[in-house]
Amino acid sequence: MRQYDSSSEVERIALERSGKPLSYQPAEKIGVIEVPDFPSLGQLTALRFLEWLQKNPHGVISLPTGKTPEHFIRWTTYYLSHWSEKRVQRGLCEWGLNPEKPEMKDYTFVQIDEFYPMNPRQENSFAYYINRFYFKQFGLAPSKALLMDTWTLGTPPGMNLGDIFPEDLVDFSLRFRLPSSEQEEHQYQALLAADRFAMEYEEKIIQLGGIGFFLGGIGPDGHIGFNVRGSDHFSTTRLTPINYETAAAAATDLGGIEISRRKAVITIGLQTITRNPTTTAIIISAGESKAKVVSEAIENVPSLLYPATALQKLPSSRFYLTQGSAVSLKQRSYHRWRNLSPLPETVVGRIITDIATTKKKRLIDLTEEDICQDHLGQLVRHGQEKAKELSEEFKARIKKGIQQPAECIYLHTGPHHDDIMLGYLPFIVHLVRSPKANHHFATFTSGFTSVTNEYTQNCLATLEQFLEKGVLNELLKSGHFSQRDWVSRNRDVYQYLDGVAANRPEMQKEGEARRMLRNLVELAATEDPVLIKIEIHRLKAYFAAIYPGKKDTPFVQKLKGMIREWEEELLWGHLGINCDHIFHLRLGFYTGDIFTPEPEWERDIRPIINLLEKVSPDVITVAFDPEGSGPDTHYKVLQAVSQALQAYLEKNPEKKVTVWGYRNVWHRFHPAEANIFVPVSLNSLAIMKSAFQACFGSQRSASFPSYEIDGPFSELAQKIMVEQYAMLKTCLGRDFFYNNPIARLRATRGFVFLKEMTAEEFFQEAALIKRLMERE
């Protein structure tokens, strides 16, 4: 077994700069290095990788795929491309690296995993990613790489694994039973070939001396590679099914959960990673959304429930984390806050609320002993008094949630078309009841990646049926589908909603067909029925020729985005909001690429400024996810809104704007972070569920779901609201709700949490998140 040099000056310097030890004993069982922001995470990882390469010529490396390594790839590419420049050399020297550039072609690359079956020419395959970033950008040699064949392995001449496994369904029972048909015989032989390949792959890694440098992310269930929750810590390379959480995380890349949940994978095992005791294994994680799985991996003893605990046997295993990802590490949090006096009120609120919910006590019933028994509670001074104050503060926040100003211009904004609904629709249901309130809704991206090819084809088929019947011909001749005719756009919406009310699917389908026809009239720039039919046939041929998950042409991207826009217009039509109060900005940074560009002033920010000038809102709402949590789109929209609002207020200094930050299925506010608590009744929950099912046709089947629930996002949003109610019911006591003189509070079964800010407070918060995500 090869002895690798795992010593690191880079890590020593990083720890010194962080001011924290490698681990807080006895809680942390793997070394942790914290960095302040996402780019710093990528830079540290790149420097450690390059340092390892210098110390271990001709070594064996395994690198990850996906979005997590974005900054690692950028920094490594930058260093390799500018190695000889004096400024770069100075920077490398400061981190302890020597001037000699690693010969990238001398290292052996080991692929970590791949979907099975998967055509390596597809842009959503890991093979394509490796070729693009690690071979072409880094300069690693394909001839020295161990790669996974999941397309031709064990197939008869002229066939591939896509032919062998129709619809990608891999029947693992064939490992244990006799094939019953020629197709199953082919499948059996393919499974044998895959198992043989995996065994030989493992043996090749052993002959190489084991993996010397392993870099990976951590999945929503804590998986490393595709070693999902429950994987044996002595597992080796194998063909295996995946669990729901992993399939949900892969749904966007593969074109929907319908496809990803059918996939099997070939993955190296946990023993493959840890076999060589001198291996350097690094797990990188950014953002609070990963904090729970990170703490489970670091603070638990080795367990099948937490795959990354297998890394504890490696002396040089590490977690490189942003502060958000480290927030749930208990002793680390204690040491972070213990020197602050006084503690920030938000931190005190979090600590006391968590103690109350853990002990299942009302805030006013907490004793000093209750609070001091908690590790973090020891930091709180006058804890019992603080708990009583917090109880009153929570009641005030609830009062604020039922007494909002009526005479107001609202601009509700969302990155995607269902974000507003999933965040706080129950609040909007109450706000729109005031005739003095004026509501506008804006979605900043076109959201085309959330519409499957199958759903788009179904919409086209519906349109084709109505064209064949001649139902829409008179409307075409009358100019009904003129692009800027708001009256006729509203008629499409109300045609559909009348069908929902009457429980007549045919009326709904006609409304859907009208809008799809309107979309094609705009995109194809024709109202000729013959040319429209030709366009439909062209689109059908397009979808028949592409694979799910492939980046669409601009025409198809716009068409899919228009489907999402139609769905949003249906939703707000429920509440009487016409199309002229709904804005679809289609910002250009949203490209569908794995690494999307940053917002630009003229392309992305100027349209938001123009919208603000047009609406002149008193209240603007924004999706307000913390660093590295939620889709990348949420963060970029947040920054674009912040810059646009600053520019707008500089031009209109007399204008006062209040900002409401909301969160939905991607991340939650802790009660201590929010300052408006909106009660949610069963009636409001029912409205949310029925409206989502009626309006968001492309999302009914939950093709791109959360890993937290196997169902549509509306169900997850309800689950979150109910959990937030349960937390407040514990903190305030059930009698506060059950015996409350206000009927709306007696009817409460859920809560929406919002964070109200002045414009200046919002700018400060957005700037903080920007520093964490985009350090220069």
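See the structure shown above.
Worth saying up front: this structure is predicted, and the values here are computed from it rather than measured.

**Q** Would you explain the overall build of the chain in this entry?
**A** On a plain count of helices and strands, the chain comes out with 29 helices and 16 strands. Taken against the 2.2 N^0.38 rule, which gives 28 Å for 776 residues, the C-alpha radius of gyration of the chain at 28 Å falls within 12% of a compact globule. Its C-alpha atoms put the chain at 75 × 75 × 60 Å along the principal axes. Across the 776 residues in the chain, those meeting the buried criterion constitute 59%.

**Q** Mind showing me how you'd approach the sheet that holds strand β10 (residues 409-414) here?
**A** Sheet strands pair via backbone hydrogen bonds, and the direction of the pair is either parallel or antiparallel. Read across the sheet, seven strands follow the order β12-β11-β10-β13-β14-β16-β15 without closing on themselves; strand pairing throughout is mixed. On the outer flanks of this sheet lie β12 (582-584) and β15 (676-681), each paired with one strand and no other. Taking the axes of each pair of neighbouring strands and ignoring which way they run, one obtains an average angle of 25° across the sheet. Note: β10 against strand β11 (residues 438-443), six bridges, orientation parallel. Paired with Ile 409 across the bridge in β11 is Asn 438.

**Q** I'm lost on the nonpolar core in this one. Help?
**A** In globular proteins that are soluble, nonpolar side chains generally tend to be buried together. Of all hydrophobic cores here, the largest spans 92 residues; its most connected members are Ile 61, Leu 63, Tyr 116, Tyr 134, Phe 138 and Phe 319. A per-element tally of this core places helix α2 (residues 38-55) first, with nine residues. The contact partners of Phe 319, leaving out residues within four places of it in the chain, are Ile 30, Gly 31, Val 32, Ile 33, Ile 218, Ile 283, Val 294, Ala 297, Ile 298 and Ala 308. In this structure, Tyr 334, Ile 355, Phe 394 and Leu 411 belong to the second largest nonpolar core, which totals 62 residues.

**Q** Any chance you could explain a nonpolar patch on the surface here in plain terms?
**A** Together, Val 530, Leu 531 and Ile 534 give the surface a local cluster of nonpolar side chains, amounting to about 270 Å² of exposed area. Structurally, Ile 534 can be placed in helix α21 (residues 529-545).

**Q** I would appreciate a short explanation of unusual backbone geometry in the present structure.
**A** Glycine aside, the phi torsion of most residues is negative, and most peptide linkages are trans. Between Gln 25 and the following residue, Pro 26, the backbone shows a cis peptide bond with an omega angle of 5°. Tracing the backbone through its elements, the reader meets Pro 26 in the loop between α1 (9-18) and β1 (31-35). Here the amide bond leading from Tyr 116 into Pro 117 is cis, since omega sits at -10°, within 30 degrees of zero. Of note in this structure, Asp 168 is not a glycine but carries a positive phi near 65°. If you trace the backbone, Asp 168 turns up in the loop between α6 (161-164) and α7 (182-207).

**Q** What's the story with the pairing of strand β16 (residues 748-758) in this structure? I'm lost.
**A** Strand residues, when the strand is regular, have side chains that alternate between the two faces of the sheet. Most of β16 is tucked away, with eight of its 11 residues classed as buried. Of the pairings in the sheet, the one linking β15 to β16 comprises six bridges and is antiparallel in character. Across the sheet, residue Ser 681 finds its bridge partner in β16, namely Thr 748.

**Q** Any chance you could explain the sheet that holds strand β7 (residues 264-267) here in plain terms?
**A** The three strands are arranged β4-β7-β6 in an open sheet whose pairing can be described as antiparallel. Of all the strands in the sheet, just β4 (113-116) and β6 (238-241) have a single pairing partner and so form its edges. Sheet twist, expressed as the mean angle between neighbouring strand axes with direction ignored, is 30°. When β6 meets β7, the two strands line up antiparallel, connected through four bridges. Among the inter-strand pairings, Leu 239 is bridged to a residue of β7, identified as Ile 266.

**Q** What's the story with the pairing of strand β5 (residues 213-216) in this structure? I'm lost.
**A** The alternating pattern of β5 places Phe 213 and Leu 215 and Phe 214 and Gly 216 on opposite faces, both of which are buried. Pairing geometry for β5 and strand β8 (residues 280-285), over four bridges, is parallel. The residue of β8 that forms the bridge with Gly 216 is Ile 283.

**Q** I keep staring at the side chain of Gln 111 and nothing clicks. Help me out?
**A** Inspection of the secondary structure assignment puts Gln 111 in the loop between β3 (108-109) and β4. Looking at Gln 111, the relative accessible area reads 2%, which means it is buried. Sequence-distant contacts of Gln 111, that is, excluding residues within four places in its chain, are made with Phe 126, Ala 127, Ile 130, Leu 146, Leu 147, Met 148, Tyr 201 and Ile 268.

**Q** Please clarify how helix α19 (residues 486-502) should be interpreted in this entry.
**A** Because each turn of an α-helix spans 3.6 residues, side chains separated by three or four positions in sequence point in the same direction. Between the first and last C-alpha of α19 there are 24 Å, a value that for 17 residues agrees with the 24 Å anticipated at 1.5 Å per step. Among the residues making up α19, those that are buried are Ser 488, Arg 489, Asn 490, Asp 492, Val 493, Gln 495, Tyr 496, Leu 497 and Gly 499. In the core, the buried residues of α19 are packed alongside α20 (505-524), α22 (554-573) and α25 (682-695).

**Q** Can you help me understand the environment of Glu 567 in this one?
**A** Tracing the backbone through its elements, the reader meets Glu 567 in helix α22. C-alpha of Glu 567 to C-alpha of Thr 309: the two residues are 258 residues apart in sequence and 44 Å apart in space. Residues contacting Glu 567, with those up to four places away along its chain left out, are Tyr 455, Cys 695, Phe 696, Gly 697 and Ser 698.

**Q** Looking at this model, I keep getting lost on the side chain of Arg 332. Mind explaining?
**A** If you trace the backbone, Arg 332 turns up in helix α12 (residues 330-337). Taking the relative accessible area as the measure of exposure, Arg 332 reaches 1% and is therefore buried. The contact partners of Arg 332, leaving out residues within four places of it in the chain, are Lys 20, Pro 21, Leu 22, Ser 23, Tyr 24, Glu 28, Val 32, Glu 34 and Ala 326.

**Q** Would you take a moment to explain helix α4 (residues 86-94) for this structure?
**A** What α4 keeps buried is the set Val 88, Gln 89 and Leu 92. Projected onto a plane normal to the axis of α4, the buried residues spread over an arc of 100° and lie on a single side. Exposed side chains of α4 directed beyond 90 degrees from the buried face belong to Lys 86, Arg 87, Arg 90, Cys 93 and Glu 94. The elements touched by buried residues of α4 are α2 and α3 (70-81). Among the residues trailing α4, Gly 96 stands out with phi positive, at a value near 90°.

**Q** Looking at this structure, I do not really get the packing of helix α16 (residues 419-431) against α25. What am I missing?
**A** Helices that pack against each other are described as a pair by the angle of their axes relative to one another and the distance between those axes. Following both chains from N to C, one finds α16 and α25 inclined at 120°, their axes separated by 10 Å at the closest point. With respect to α25, the element α16 is oriented oblique. Here α16 runs over α25; the crossing is right-handed. Here Met 421, Leu 422, Leu 425, Pro 426, Val 429 and His 430 of α16 come into contact with α25, specifically with Ser 684, Ile 687, Met 688, Ala 691 and Phe 692. Taken together, the residues of the contact of α16 with α25 sort by class into nine nonpolar, two polar and no charged.

**Q** Looking at this model, I keep getting lost on the packing of aromatic side chains. Mind explaining?
**A** The geometry of an aromatic ring pair comes down to the distance between the two centres and the angle between the two planes. Evaluation of the coordinates by the stated rule reveals 37 aromatic pairs. Aromatic pair Phe 49 and Phe 72: ring centres 5.6 Å apart, planes at 70°, arrangement edge-to-face. Residue Phe 49 is found in helix α2, and its partner Phe 72 is found in helix α3; the two are separated by 23 residues along the sequence. Summarising the burial analysis for this pair, Phe 49 and Phe 72 share the class buried. Measuring from ring centre to ring centre gives 5.2 Å for Tyr 542 and Phe 543, while their planes differ by 75°; the resulting arrangement is edge-to-face. As far as the burial class goes, Tyr 542 and Phe 543 line up, both buried. Among the aromatic residues, ring-to-ring pairing joins Tyr 4, Phe 49, Trp 52, Phe 72, Phe 109, Tyr 129, Phe 133, Tyr 134, Phe 135, Phe 138, Phe 213 and Phe 595 into one connected group. Note that Arg 17 overlies the ring of Trp 95, its terminal NZ or CZ placed 4.3 Å from the centroid. The ring centre of Phe 466 lies 5.1 Å from the NZ or CZ of Lys 469, which sits over that ring.

About the thresholds
Residues numbered from 1 in each chain as written. Predicted model: local features only at pLDDT ≥ 70, side-chain atom pairs only at ≥ 80, totals over all residues. Heavy atoms only, no water. Helix = DSSP H or I, 4+ residues; strand = E, 2+ residues; numbered from the N terminus. Rg over C-alpha atoms; globule rule 2.2 N^0.38 Å. Buried < 20%, exposed > 50% of the residue type's maximum accessible area, 1.4 Å probe, protein only. Pairing = 2+ DSSP bridges. Axes fitted to C-alpha atoms, helices over the stretch in contact; angles between N-to-C directions. Core = buried A, V, L, I, M, F, W, Y, C linked by side-chain atoms within 4.5 Å. Contact = heavy atoms within 4.5 Å. Patch = residues over 30% accessible without salt bridge, like charges linked within 9 Å, V, L, I, M, F, W, Y side chains within 5 Å. Areas by Shrake-Rupley, 256 points an atom, 1.4 Å probe, with all protein chains shown as cover. Salt bridge = Lys/Arg side-chain N within 4 Å of Asp/Glu carboxyl O. Expected span 1.5 Å × (residues − 1). Arc of directions from axis to C-beta. Parallel < 35°, antiparallel > 145°, perpendicular 65-115°, else oblique. Left-handed = near helix turned anticlockwise from the far one by under 90°. Nonpolar A, V, L, I, M, F, W, Y, C, P; charged D, E, K, R; others polar. Phe/Tyr/Trp six-rings, centres within 6.5 Å; stacked < 30°, edge-to-face > 60°. Lys NZ or Arg CZ within 6 Å of the ring centre and 35° of its normal.

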